[in-house]
Amino acid sequence: MYIVKSSLADADLKTVSEALQGALVDLVDLSLVAKQIHWNVVGPRFRSIHLQLDEVVASARTHSDTVAERASALGVPPDGRAATVTSGSGIKTTPAGWIKDTDAVSAMVDALGSVITRMRERVDATAEPDPVSQDIFIQVTADLEKHHWMFQAENA
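Because the structure is a prediction, the values reported are computed rather than measured.

A. Representation of the overall build of the protein chain within the structure. Within the protein chain, the regular secondary structure consists of five helices and two strands. N-terminal to C-terminal, the α/β element order of the protein chain is α-β-α-α-β-α-α. Computed over C-alpha atoms, the radius of gyration of the protein chain comes to 16 Å, within 12% of the 15 Å expected from 2.2 N^0.38 for 156 residues, which places it in the range of a compact globule. The principal-axis extent of the C-alpha atoms belonging to the protein chain is close to 55 × 30 × 20 Å. Classification of the 156 residues of the protein chain by burial places 47% in the buried group. Long-range contacts, defined here as pairs at least 24 residues apart, represent 83% of the contacts in the protein chain between residues at least 6 apart. Carbon and sulfur atoms make up 57% of the accessible area of the protein chain, which amounts to about 8,100 Å² in all. Side chains of the protein chain carry 14 positive and 21 negative charges; the gap between the two charge centres is 5 Å.

Quick look at the structure:
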């Protein structure tokens, strides 16, 4: 049932909606992973990494809202439920318990790298069917690449 009808052709809408849903899942999981690490990071660089993780959480949450609202605008109900996120995320599972600052940074480099790789695939996939959604993916990717760079520099 369509409550909101998109102007995109059905085939294009399918491609774009899959990209938006995948991005939503990755962004929700990224915010959860960053917050989990934020609560459990220990070590000499605790404070700076703790604060840096909150910046990632804020970015991921803002972007997830943008992505979900774009899906809604196209008539596709976004799904950010825990089970959906668990089954669809491209991020490796975060270890339980305390996490040493260097390991926390490495985990974030890996998580961000995974999400960025998938976002770039979405940039390519939406270029033709929906440049508006593609623009969102470009903006998200640029922001995540900035966080990725900053975490890579932490352990250099």
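B. Fine view of the layout of surface pockets. The computed volume of the largest pocket comes to approximately 200 Å³. Lining the largest pocket, in full, are Asp 29, Leu 32, Val 33, Gln 36, Ala 82, Val 85, Thr 86, Ser 89, Ile 91, Lys 92, Thr 93 and Thr 94. Secondary-structure elements contributing two or more residues to the lining of the largest pocket are α1 (10-40) and α3 (82-88). Looking at which element gives the most residues to the lining of the largest pocket, the answer is α1, with four residues. Residues that form the lining of the largest pocket fall into these classes: five nonpolar, five polar and two charged.

C. Here's a closer look at empty space enclosed by the protein. According to the stated counting rule, one finds one cavity of 30 Å³ or more in the structure shown. Empty space within the largest cavity amounts to approximately 40 Å³. If you go around the largest cavity, the residues you meet are Ser 17, Leu 20, Gln 21, Leu 24, Val 67, Ala 68, Ala 71, Val 76 and Pro 78. Elements with a contribution of two residues or more to the lining of the largest cavity: α1 and α2 (46-73). Among the elements that line the lining of the largest cavity, the one with the most residues is α1, at four residues. Partitioned by chemical class, the residues of the lining of the largest cavity number seven nonpolar, two polar and no charged.

D. Examining the side chain of Ser 6 more closely. Within the secondary structure, Ser 6 is located in the segment before α1. Classification of Ser 6 as buried rests on a relative accessible area of 8%. Within the structure, the side chain of Ser 6 is placed 2.9 Å from the backbone nitrogen of Leu 8, a separation counted as a polar contact. If we skip the residues at most four places from it in the chain, Ser 6 touches Leu 13 and Leu 74.

E. Quick look at the UniProt feature "domain: Ferritin/DPS" (unreviewed entry) in the protein chain. Taking the UniProt record as the reference, the feature "domain: Ferritin/DPS" (unreviewed entry) is found at residues 18-153. Annotated as residues 18-153, this span is 79% helix and 3% strand, and its ends, taken at the C-alpha atoms, are 33 Å apart.

F. Main features of α2. The terminal C-alpha atoms of α2, which comprises 28 residues, lie 40 Å apart, in line with the 40 Å expected from a rise of 1.5 Å per residue. Looking one or two residues past α2, Gly 75 carries a phi angle of roughly 85°, positive in sign.

G. Structural context of the pattern of salt bridges. With the rule as written, the count across this model stands at twelve salt bridges. A salt bridge links Glu 18 to Lys 14, with the shortest nitrogen-to-oxygen separation between them at 2.4 Å. Here Lys 14 and Glu 18 lie together in helix α1, a separation of four residues that amounts to about one turn. A residue is classified by how much of its surface remains accessible, and Glu 18, at 48% relative accessible area, is partly exposed. Here Arg 122 ties to Asp 26 by a salt bridge, and the two come within 3.2 Å at their closest N and O atoms. On the criterion of sequence distance, the pair formed by Arg 122 in helix α4 (residues 101-126) and Asp 26 in helix α1 is long-range, its members being 96 residues apart. No difference in accessibility class separates Arg 122 from Asp 26, as the two residues are buried.

Calculation notes
Residues numbered from 1 in each chain as written. Predicted model: local features only at pLDDT ≥ 70, side-chain atom pairs only at ≥ 80, totals over all residues. Heavy atoms only, no water. Helix = DSSP H or I, 4+ residues; strand = E, 2+ residues; numbered from the N terminus. Rg over C-alpha atoms; globule rule 2.2 N^0.38 Å. Buried < 20%, exposed > 50% of the residue type's maximum accessible area, 1.4 Å probe, protein only. Contact = heavy atoms within 4.5 Å. Areas by Shrake-Rupley, 256 points an atom, 1.4 Å probe, with all protein chains shown as cover. Lys, Arg positive; Asp, Glu negative; His and termini not counted. Charge placed at Lys NZ, Arg CZ, Asp CG, Glu CD. 1 Å grid on protein atoms, 1.4 Å probe; cavity = no way out; pocket = protein on both sides within 12 Å on 5 of 7 lines; lining within 4 Å. Points joined across faces, edges and corners; volume = space filled by probe spheres on them. Nonpolar A, V, L, I, M, F, W, Y, C, P; charged D, E, K, R; others polar. Polar contact = N/O pair within 3.5 Å; in protein donor to acceptor, adjacent residues only side chain to side chain. UniProt positions renumbered as here; feature names shortened; annotations may be inferred. Expected span 1.5 Å × (residues − 1). Salt bridge = Lys/Arg side-chain N within 4 Å of Asp/Glu carboxyl O.

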